[in-house]
Amino acid sequence: MIRWFLVIFLALMFISWLSPVLRRMGFGRLPGDLRFRWLGRDWDVPLASTLLLSFVVSLLVKWL
């Protein structure tokens, strides 16, 4: 179980590190991505970007 926590922690760290780079490339602003302001804070829910990235990663994994 500790392995899963470590994997999730590292994945979240990696995603937070890549977030500004991906945003400059246009991810997070696709038509299916939600952005709203609630309780004085901006919230992003990148649904379409997540689907697109998972599709690309799955293609890379199949190719390798």
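Residues numbered from 1 in each chain as written. Predicted model: local features only at pLDDT ≥ 70, side-chain atom pairs only at ≥ 80, totals over all residues. Heavy atoms only, no water.

1. Overview of a nonpolar patch on the surface
- A grouping of Leu52, Phe55, Val56, Leu59, Leu60, Trp63 and Leu64 is seen on the molecular surface, where their side chains present a nonpolar patch of about 800 Å² in accessible area.
- Structurally, leucine 52 can be placed in helix H2 (residues 47-63). (Patch = residues over 30% accessible without salt bridge, like charges linked within 9 Å, V, L, I, M, F, W, Y side chains within 5 Å. Areas by Shrake-Rupley, 256 points an atom, 1.4 Å probe, with all protein chains shown as cover. Salt bridge = Lys/Arg side-chain N within 4 Å of Asp/Glu carboxyl O. Helix = DSSP H or I, 4+ residues; strand = E, 2+ residues; numbered from the N terminus.)

2. A closer look at the pattern of salt bridges
- All chains considered together, the criterion is met by two salt bridges.
- A salt bridge links arginine 35 to aspartate 44; the nearest nitrogen and oxygen atoms lie 3.2 Å apart.
- Using a relative accessible area of 57% as the deciding quantity, one classes arginine 35 as exposed.
- On the accessibility criterion, aspartate 44 (38% relative accessible area) is partly exposed. (Buried < 20%, exposed > 50% of the residue type's maximum accessible area, 1.4 Å probe, protein only.)

3. Here's the deal with the packing of aromatic side chains
- Summed over the entire model, instances satisfying the criterion amount to one aromatic pair.
- With a centroid separation of 6.1 Å and an interplanar angle of 35°, the aromatic rings of phenylalanine 14 and tryptophan 17 are classed as tilted. Of this pair, phenylalanine 14 and tryptophan 17 both sit in helix H1 (residues 2-25), separated by three residues, roughly a single helical turn.
- What makes phenylalanine 14 partly exposed here is its relative accessible area of 49%.
- On the basis of relative accessible area, tryptophan 17 is assigned to the exposed category, the value being 60%.
- It is arginine 41 that lies over the ring of tryptophan 43; its NZ or CZ is 4.8 Å from the centre. (Phe/Tyr/Trp six-rings, centres within 6.5 Å; stacked < 30°, edge-to-face > 60°. Lys NZ or Arg CZ within 6 Å of the ring centre and 35° of its normal.)

4. Things to note about the environment of methionine 25
- Here methionine 25 shows up in helix H1.
- In this structure the C-alpha to C-alpha distance between methionine 25 and glycine 40, which are 15 residues apart in sequence, comes to 27 Å.

5. Here we look at the environment of leucine 47
- For leucine 47, the location among the structural elements is in helix H2.
- Since its relative accessible area comes to 46%, leucine 47 is described here as partly exposed.
- Not counting residues within four places of it along the chain, the set of residues in contact with leucine 47 comprises Gly32, Asp33 and Leu34. (Contact = heavy atoms within 4.5 Å.)

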